[in-house]
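Descriptive structure summary
These are the residues of each chain, in order.
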Amino acid sequence: MCTSKSPNAFVLFRTCVFPIEKTTFPENLNQQNSIVIGTYWLHAPDTTKEYFNDIAENLALIKPGEPSEFTEEQLRFMAQNPPGDMIPSFEDENRKLRMRVSR
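First, a word on what this report is: a plain description of the structure on this page. (Residues numbered from 1 in each chain as written. Predicted model: local features only at pLDDT ≥ 70, side-chain atom pairs only at ≥ 80, totals over all residues. Heavy atoms only, no water.)

**Things to note about the nonpolar core**
This is how the line gets drawn: Among buried residues, the Ala, Val, Leu, Ile, Met, Phe, Trp, Tyr and Cys ones that are joined through side-chain atoms within 4.5 Å form a nonpolar core. Exposure classes here rest on a 1.4 Å probe applied to the protein chains alone. A residue is buried below 20% of its type maximum, exposed above 50%, and partly exposed in between. Helix and strand definitions follow DSSP, with helices as H or I runs of at least four residues and strands as E runs of at least two, each counted in order from the N terminus.
Core analysis: the largest hydrophobic core is formed by 19 residues, its most contacted members being L12, F13, V17, I37, Y40, F52 and I55. Contributions of two or more residues to this core are made by α1 (9-24), α2 (30-43), α3 (46-61) and α4 (72-80). Considering each element in turn, this core owes the most residues, 6 residues, to α1.

**Regarding the packing of aromatic side chains**
This is how it is decided: Note on ring pairs: Phe, Tyr and Trp rings are taken, using the six-membered ring of Trp, and paired if centres are within 6.5 Å. Classes follow the plane angle, with under 30 degrees stacked, over 60 edge-to-face and the rest tilted.
Under the criterion given, the structure shown has 5 aromatic pairs. Arranged with centres 5.2 Å apart and planes meeting at 85 degrees, the rings of Y51 and F52 form a pair that is edge-to-face. Here Y51 matches F52 in class, with each residue buried. Members of the aromatic cluster, connected to one another through ring pairs, are F10, F13, W41, Y51 and F52.

**Some points on the packing of α1 against α3**
The cut-off we apply is this: Lines fitted to C-alpha atoms define the axes here, with helix axes fitted over just the stretch in contact, and angles between the N-to-C directions of these axes take values from 0 to 180 degrees. Each angle gets one of four labels, with under 35 degrees taken as roughly parallel, over 145 as roughly antiparallel, 65 to 115 as roughly perpendicular, and the rest as oblique. Definitions for this section: a left-handed crossing has its near helix turned counterclockwise from the far helix by less than a right angle. A right-handed crossing has that turn clockwise. The contact rule is simple, with two residues in contact once any of their heavy atoms fall within 4.5 Å.
Running from N to C, α1 and α3 cross one another at 110 degrees; their axes reach a closest spacing of 8 Å. As the angle between them shows, α1 and α3 are arranged roughly perpendicular. For the pair α1 and α3, the crossing hand works out as right-handed. Contacts between α1 and α3 pair A9, L12, F13 and C16 from the former with T48, F52, N53, I55, A56 and L59 from the latter.

**Side note on the packing of α1 against α2**
A pair of packed helices is characterised by two quantities: the angle between their axes and the separation of those axes. Threshold: Three residue categories are used. Nonpolar comprises Ala, Val, Leu, Ile, Met, Phe, Trp, Tyr, Cys and Pro, charged comprises Asp, Glu, Lys and Arg, and polar comprises the others, including Gly.
Contact geometry of α1 with α2 gives a least axis separation of 10 Å together with a crossing angle of 125 degrees. Here α2 runs oblique to α1, going by the angle between their axes. For the crossing formed where α1 meets α2, the hand is right-handed. Taking contact as the criterion, the partners of A9, F10, F13, R14, V17, F18, E21 and K22 in α1 are, on α2, N30, N33, S34, V36, I37, G38, Y40 and W41. For the contact of α1 with α2, a count of residues per class yields 9 nonpolar, 4 polar and 3 charged.

Given below as structure tokens:
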């Protein structure tokens, strides 16, 4: 039986942020957006990283047929809908980070 590996914190963060980044900057290539999102992650506050790490750890603990605090669907929903302060501002911060990445 093949089981899939649960996503890590960065993958959850990227999945959440990528659609926003793509909508904000539709002219950019996916590779450019991925580099910027990676830079966001590197400079993200500890609270943001802890939020996504907690979700990733809980997803890894889920075993079929065993009770858990949250279902996989609930955890994935939480990863897609974090509190507003967990997502970087795509206006001022984006300009600063894009300048760093383009150098």
